[in-house]
Amino acid sequence: MLVTTVLAREAISVLDYRCSAGPADAPFVEQHRGFSVSYVRKGSFGYRVRGESFELVAGSLLIGHPGDEYMCTHEHVRGDECLSIHLAPPLLDALGARTEAFRTGGVPPLPELMVLGELAQAAADGRSDIGVDEAGMLFAARFVEVASGREQRPPEALARDRRRAVEAAIWLDEHAHEPVDLEGAAREVGLSPFHFLRLFARVVGVTPHQYLVRARLRRAARLLADSARSITDIALDVGFGDLSNFVRTFHRAAGVSPRGFRRAARGDRKIFQDRLACRS
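All figures in this text were calculated on a predicted structure; none of them were measured in a lab. (Residues numbered from 1 in each chain as written. Predicted model: local features only at pLDDT ≥ 70, side-chain atom pairs only at ≥ 80, totals over all residues. Heavy atoms only, no water.)

(A) Region of interest: the nonpolar core. Among the nonpolar cores identified, the biggest contains 52 residues, and Leu-61, Leu-87, Leu-95, Phe-102, Phe-143 and Phe-196 are the most heavily contacted of them. A total of eight residues in this core trace back to one element, the largest contributor, which is helix α3 (residues 132-148). (Core = buried A, V, L, I, M, F, W, Y, C linked by side-chain atoms within 4.5 Å. Buried < 20%, exposed > 50% of the residue type's maximum accessible area, 1.4 Å probe, protein only. Helix = DSSP H or I, 4+ residues; strand = E, 2+ residues; numbered from the N terminus.)

(B) How the structure looks around the pattern of salt bridges. For the coordinates displayed, the defined rule picks out 16 salt bridges. Of the charged contacts, one joins Asp-16 and Arg-18 as a salt bridge, the two residues approaching to 2.9 Å between their closest N and O atoms. By relative accessible area, which is 39% here, Arg-18 ends up partly exposed. One salt bridge in this structure joins Arg-219 and Asp-173, with 3.8 Å as the shortest N-O distance. One end of the pair, Arg-219, is in helix α7 (residues 208-226); the other, Asp-173, is in helix α4 (residues 159-174), and 46 residues separate them in sequence. One network of salt bridges, with partners in common, ties together Asp-16, Arg-18, Arg-41 and Glu-81. (Salt bridge = Lys/Arg side-chain N within 4 Å of Asp/Glu carboxyl O.)

(C) A look at unusual backbone geometry. Here Arg-50, not a glycine, exhibits a phi torsion of approximately 50°, which is positive. The residue Arg-50 is located in the loop between β4 (35-49) and β5 (52-57) in this model.

(D) Region of the structure containing helix α9 (residues 243-254). Taking 1.5 Å as the rise per residue, α9 with twelve residues should run 16 Å; its terminal C-alpha atoms sit 16 Å apart, in good agreement. Buried positions along α9 lie against α7, α8 (231-238) and α10 (258-265). One or two positions beyond α9, positive phi appears at Gly-255, with a value near 85°. (Expected span 1.5 Å × (residues − 1). Contact = heavy atoms within 4.5 Å.)

Shown next, in the form of structure tokens:
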């Protein structure tokens, strides 16, 4: 079993599991150490917990409750891959989740869960501008709604809530060049990470991480157009951790590379003309 920690925060952790076990491998008893929702993205395996048996395939969910002993079997195929979202008790409270929901065991492939599972996977792979913690919380919140049979509609944002969201946006913009995560931003406005995520997205229209990335892109575009500094220096100065991430994110947003954007800003109209011609 290969386990990779994608994200580790106080409220939420995201782990990537890749198992190579097959029919010839003997299963063994394990124990859940916390509350978790795991998205099966590939393969198949059996899940035995509290006397129940589930056959999990791609798109299914494995639900973990702390203290429960379980066993995974591979009687039919070899190998599986899962993205596992681990939730701290305070986050469960913020989600309005009853712990009984996490005794569900296994959940079959449901479209309303699969799409958010794929969103979380895209975030974990760096293919989305939504934060991994944000996607994981949205995924877990949707599971709680499905398991409880009730949809949690966010309350109407009051004036003080709108002010909080705007103040948070200003703070994010001012600190975009620094390492910022959802929990740190939420502390600045005195909210739990999930409540902050929900409020900010409702008022501003994008998630905090999306806003943060776009603030960095806005500054990068300004520097690319107005200065002769190296692209690497610009990437690091505006808050991107490495050059490759900056180039990939900028190209996805602008449709051209940072170098191409700089050339266009200096008068090379052919850059965007070629881009538009490809779309026609």
